[in-house]
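Listed below, chain by chain, are the residues.
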Amino acid sequence: MRPTSLLCGASLLVATGLIAADVPPTEVRMVRDLLHGTQVEDPYRWLEGSDAPEIEGENPELDAEVAAWSEAQNMYTRSVLDRLPGRDQLESRLRELMEIDEVKNPVFRGDHYFTWRRAGGQQQWSIWVQDSLKGEPHLLLDPGTIDDTGLTAVRWIEPSQDGDLMAFGLFRAGDEITSLYILHVETGVWLAEEIPGRAEGVYWLPDASGLFYRRLGDPEDPYSGQIKFHLVGTHHTQDSLLFEQFKEGPLAKTWGPGAYVSDDAHWMVL
């Protein structure tokens with residue numbers, strides 16, 4: 001959270017007399033940029049740590065400073081918020097209202113209905129499937145059984161056109177560096193496939209023998225997008241590269257590429 005956000009919240013609490021003036025200080029380290037002839041000052045850019053534009057590579061010392069600042073701010077914020085009158089009752093009621101069972105819109109493939117479900121106390125969404133509109137849903141994929149810490153999540157699913165196979169993406173601890181996997185819907189057995197690199201945007205061949213997908217050649221470089229084709233049962237290093245992000249020119253630093261494939265897999269729009 002930026003200091004301006006914290007200060008705005010603090011100003012509201014000062015008006016009610018619930019906050020003292022001893023907010024942990026934030027050091028000013030002025031950075032000046034000249035943008036199109038206008039000088040822009042940023043006194044708190046150091047709080048971006050290694051992500052600050054003028055810093056190349058990692059800076060553990062600066063990141064440690066930012067972490068210490070965040071910890072001090074969080075501790076002070078808790079000391080104020082935890083003393084608010086009626087907070088315990090409000091938290092209890094909000095928890096009761098928020099911890100409800102949820103179901104997302106179903107995805108239809110072949111004879112199967114795929115749904116995202118999360119019970120009130122469940123940390124991550126799980127994937128359920130049923131064989132007909134009135135069929136009994138059963139659990140197909142639960143990230144909690146993969147990682148009991150609750151840090152692994154399903155980012156996306158894409159069943160094949162006949163519903164026999166389901167490609168899905170998993171990532172951990174919010175990093176969004178998704179890996180692609182495939183399972184057999186009838187048995188729940190995972191195939192050997194594992195495609196790393198923020199893999200997503202899957203389109204299946206009609207016979208489910210292969211799929212098109214998007215990934216990053218370098219997960220740390222958002223401009224290294226690739227469109228590839230994977231034949232089920234082969235290693236991802238053998239996948240065909242169909243298109244990749246431009247290395248030079250005005251499109252080198254834009255979002256993309258993105259691919260859309262027709263149902264018969266005859267046409268692709270990039």
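Preceding this paragraph is the structure being described.
Keep in mind it's a predicted model, so treat the numbers as computed, not measured.

(A) Inspection of the nonpolar core at higher detail. With 15 residues, the main nonpolar core has Ile127, Ile157, Met166 and Phe168 as its most contacted residues. Elements represented by at least two residues in this core include exactly strand E5 (112–118), strand E6 (126–130), strand E7 (138–141), strand E8 (152–159), strand E9 (165–172) and strand E10 (179–184). Take this core: its biggest share by element is three residues, from E9. If we ignore the near neighbours within four places in the chain, the residues touching methionine 166 are Phe114, Ile127, Leu140, Leu141, Ile157, Glu158, Pro159, Tyr181, Ile182, Leu183, Val185 and Trp204. Core analysis: the next-biggest nonpolar cluster, separate from the first, contains 12 residues, Ala167, Ile195, Trp204 and Leu211 among them.

(B) Representation of the sheet that holds strand E12 (residues 210–216) within the structure. Taking strand neighbours across the sheet as the criterion, the four strands line up as E11-E12-E13-E14 in an open arrangement whose pairing is antiparallel. Edge positions in the open sheet fall to strand E11 (200–204) and strand E14 (240–244), since each of these has one partner strand only. Ignoring strand direction, the axes of neighbouring strands in this sheet form an average angle of 20°. Of the pairings in the sheet, the one linking E12 to strand E13 (residues 225–231) comprises seven bridges and is antiparallel in character. Each residue of the ladder has a partner; that of glycine 210, found in E13, is leucine 231.

(C) Examining the side chain of serine 160 more closely. In this fold, serine 160 is placed in the loop between E8 and E9. Looking at serine 160, the relative accessible area reads 0%, which means it is buried. In terms of polar contacts, serine 160 uses its side chain to reach the side chain of aspartate 162, at 2.7 Å. With residues near it in sequence (within four places) discarded, serine 160 still touches Arg109, Leu165, Trp204 and Ala208.

(D) A look at helix H2 (residues 60–81). Over its 22 residues, H2 runs 31 Å from end to end, which matches the ideal 32 Å to within 8%, given 1.5 Å per residue. Looking at H2, one finds that the buried residues are Leu62, Val66, Trp69, Gln73, Tyr76 and Val80. Taken around the axis of H2, the buried residues stretch over an arc of 95°, which confines them to a single face. For H2, the exposed residues lying more than 90 degrees away from the buried face are Pro60, Glu61 and Met75.

Rules and cut-offs
- Residues numbered from 1 in each chain as written.
- Predicted model: local features only at pLDDT ≥ 70, side-chain atom pairs only at ≥ 80, totals over all residues.
- Heavy atoms only, no water.
- Core = buried A, V, L, I, M, F, W, Y, C linked by side-chain atoms within 4.5 Å.
- Buried < 20%, exposed > 50% of the residue type's maximum accessible area, 1.4 Å probe, protein only.
- Helix = DSSP H or I, 4+ residues; strand = E, 2+ residues; numbered from the N terminus.
- Contact = heavy atoms within 4.5 Å.
- Pairing = 2+ DSSP bridges.
- Axes fitted to C-alpha atoms, helices over the stretch in contact; angles between N-to-C directions.
- Polar contact = N/O pair within 3.5 Å; in protein donor to acceptor, adjacent residues only side chain to side chain.
- Expected span 1.5 Å × (residues − 1).
- Arc of directions from axis to C-beta.

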